[in-house]
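Notes for the structure review
One letter stands for each residue in the lines below.
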Amino acid sequence: MITVDEYLLYTDRAFDGMTRIVGELGDDLANRRPALPGANTPYGLLTHCLGVVEYWAGSLVAGRPIERDRDREFTSRGPVAGLLARVAEVRAHLAADARGATPGDPPRGTPDPRFLGPDGIDTQGAVLQHVYEELCQHHGQMEVLRDALLAEHPARPLGEGHGVKWGSLPAGTLGAWVADMDLGIAPPIKRRLLETVQREDFGYPFWTGADPVLREFSAWTGSQHGWEPDPGRSRVFTDLLQILQVVVEHTTAPGDGVAIHVPAYPPFLASIARAGRRIVPIPMVHNGQRWTFDTDGLASRLAGCRLLVLVNPHNPTGRVFDAAELDALAAAADRHDLVVLSDEIHADLTYAPHRHVPFATLAPARTVTATSATKAFNIAGLRLAVAHVAPPALRASLDAAPLDVFGTPSILSRVATLAAWQESSAWLDGMRSTLATNRATVTSWAATVGVPFTPPEATYLAWLRSPHPAAALERTALVKLSEGAEFSAGTDVDTASFVRLNFATTPKILHDVLTRLTPWMAPPR
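Report on the accompanying structure. Keep in mind that this is a model prediction, so the values were computed, not measured. (Residues numbered from 1 in each chain as written. Predicted model: local features only at pLDDT ≥ 70, side-chain atom pairs only at ≥ 80, totals over all residues. Heavy atoms only, no water.)

When you go through the protein residue by residue, the secondary structure sums to 18 helices and 14 strands. Taken over C-alpha atoms, the radius of gyration comes to 26 Å for the protein, in line with the 24 Å a tight globule of 525 residues would show. Considering only C-alpha atoms, the protein reaches an extent of 85 × 65 × 50 Å along its principal axes. Long-range contacts, defined as pairs at least 24 residues apart, comprise 75% of the intrachain contacts of the protein with a sequence gap of at least 6. (Helix = DSSP H or I, 4+ residues; strand = E, 2+ residues; numbered from the N terminus. Rg over C-alpha atoms; globule rule 2.2 N^0.38 Å. Contact = heavy atoms within 4.5 Å.)

Have a look at this one:
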């Protein structure tokens, strides 16, 4: 016999899974039926689950009179927010009903044969078991509905619009390169943007008092990662590349060394080189289990540097650096009095059990923390990033610079960022679940095909060893990946035998991408 707490743990898992999916799909897709025989809408299926719980537990266990229209449950429609609020109420009722049940006693009434309950439900314990079975069954069905809907209705028609990921590709080529998602945006972001458009609110940005983006940046980082940056020391920028360029210009001089883990995001390497600074690579190495770097020789490698660029979680390997690695970086930065620019844009896309540690908690006086809602919430084109600038000398230098040097992110970018951090955490939970499923798909594929691959601890990027460069795979497999050699350009590190694959797409597109790659990625025999 399981305990009541164990029973509720399992029913909560089913509810959590279904509510994440419905929240991820949003008002539009949650109210659609996929092209599957007998399929319901996710909204209708979840409504049906609530009817099951209310009737079987509420009526037959707790004895509450319940009026139920089972057919109407499946045809119900409406906004997701209202449905999720009702889910919370029903879950609370179920918890109370389960705790008040006497498992060996008969139900408080005879099950209605119209509601298709199984034979043999002659105790309250059997009633509760039936509720659990229904929730588990429909959780599985909900996952099928989600996958089918995302395959049928990608966030936008691929190749249309102005996004480079698909718009720059020839017909017939699948895009799995540039780091944005094919999975849409959170409904609150869409709603707030449409409200702004309806108001025709495209003037110069203005908010009474302090910039709310900086306040919400602090609140979001505190709730997600346990560090609350001072809004008074933070600034808005257009993107992280601009933050890098500004920090390089204000903390180093031409010829100075700028240290960065390699492989590295190619535009970062190009920006450092264009500024006339010397790239000092910290090579990432694979120790047989994970990607890491030499912490023992770190201090000597950083001699002559003025700036350390830390990308954590790391792009492209997906590592979430651990305490020992971060402590070694902090000690080396202290020894050489380095400013540390910590790019933490992928922190919100970390997979359990890994945990992101803001570098500013280890080196608070010397760290510039750069982040944005753009990666986790798929709004890169709206262009807004935030930098928390701790070093006093750098803050003074930025304060002395002309304001027009930095530009001003738009009203739309601010509205979207606020909607992400204030209203879209449930959507993000669902998105992380989707990405975890896609990561598992890539991991299983790589093991089957024989592609050397370590699953990322964060991000939606797969760093894969490949017998062919990305350009050749684009010609032969008709799949565009990111070229491995570009992630070490200007350094003596060799990453030419790698490609980077973006798996933040629909299950169908991911399946097609991996199927096309299979004959070309298998290692030579």
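As a further point, take the nonpolar core. Core analysis: the largest hydrophobic core is formed by 102 residues, its most contacted members being F377, L501 and L517. In this view, L501 contacts A176, Y460, L461, A462, L464, L481, L510, V513, L514 and L517; residues no more than four positions away in its chain are not counted. (Core = buried A, V, L, I, M, F, W, Y, C linked by side-chain atoms within 4.5 Å. Buried < 20%, exposed > 50% of the residue type's maximum accessible area, 1.4 Å probe, protein only.)

Attention shifts here to a nonpolar patch on the surface. Together, I2, L9 and Y10 make up a nonpolar patch on the protein surface, roughly 260 Å² of accessible area in all. By the element assignment, Y10 lies in helix α1 (residues 4–30). (Patch = residues over 30% accessible without salt bridge, like charges linked within 9 Å, V, L, I, M, F, W, Y side chains within 5 Å. Areas by Shrake-Rupley, 256 points an atom, 1.4 Å probe, with all protein chains shown as cover. Salt bridge = Lys/Arg side-chain N within 4 Å of Asp/Glu carboxyl O.)

For helix α2 (residues 42–59), spanning 18 residues, the distance from its first C-alpha to its last is 25 Å, which sits close to the expected 26 Å at 1.5 Å a residue. Most of α2 sits inside the fold, with 17 of its 18 residues counted as buried. (Expected span 1.5 Å × (residues − 1).)

By the element assignment, G161 lies in the loop between α5 (124–152) and α6 (164–167). Residue classification places G161 among the exposed residues on the basis of a relative accessible area of 57%. Along the primary structure G161 and A39 are separated by 122 residues, whereas in three dimensions their C-alpha atoms are 31 Å apart.

All told, the structure shown has 11 aromatic pairs when counted by the stated rule. Both rings, one in Y265 and one in F268, keep their centres 5.1 Å apart while their planes meet at 75°; by these two values the pair is edge-to-face. Look at Y265 and you get partly exposed, because its relative accessible area is 34%. Among the aromatic residues, ring-to-ring pairing joins W291, W463, F487 and F498 into one connected group. The ring of F406 carries R235 above its face, with NZ or CZ at 5.3 Å from the centroid. Positioned over the ring face of W177 is K480, at 4.8 Å from the centre of the ring. (Phe/Tyr/Trp six-rings, centres within 6.5 Å; stacked < 30°, edge-to-face > 60°. Lys NZ or Arg CZ within 6 Å of the ring centre and 35° of its normal.)

Applying the stated rule across the entire model yields 27 salt bridges. Of the charged contacts, one joins E423 and R192 as a salt bridge, the two residues approaching to 2.9 Å between their closest N and O atoms. With E423 in helix α15 (residues 411–423) and R192 in helix α7 (residues 187–199), this residue pair connects regions lying 231 residues apart in the sequence. Overall, E423 belongs to the partly exposed group, its relative accessible area being 30%. The residue E325 makes a salt bridge to R290 at a minimum N-O spacing of 4.0 Å. Of this pair, E325 sits in helix α12 (residues 323–336) while R290 sits in the loop between β5 (285–286) and β6 (291–292), and the two are 35 residues apart along the sequence. What makes R290 partly exposed here is its relative accessible area of 27%.

Attention now moves to the sheet that holds strand β13 (residues 482–483). Strand order in the open sheet formed by 3 strands is β11-β14-β13, and the pairing between neighbours is antiparallel. Since the sheet does not close on itself, it has two edges, and those belong to β11 (461–465) and β13, each with one partner. In this structure, β11 lies alongside strand β14 (residues 498–502), joined through 5 bridges in antiparallel fashion. In the sheet register, R465 faces β14, and the bridge partner there is F498. The strands that helix α18 (residues 507–521) touches are β11 and β14; relative to β14, the one it contacts most, it runs at about 165°. (Pairing = 2+ DSSP bridges. Axes fitted to C-alpha atoms, helices over the stretch in contact; angles between N-to-C directions.)

In this section: unusual backbone geometry. With omega at 25°, the peptide bond leading from N315 into P316 counts as cis. Note the cis peptide between A352 and P353, where omega equals 5°. The topology assignment puts P353 in the loop between β8 (339–343) and β9 (367–371). Look at E200: it is not a glycine, yet its phi comes out positive at around 55°. Tracing the chain through its elements places E200 in the loop between α7 and α8 (212–225). Even without being glycine, L478 reaches a positive phi, approximately 60°. As for its position among the elements, L478 is in the loop between α17 (470–476) and β12 (479–480). Given a relative accessible area of 37%, L478 falls into the partly exposed group.

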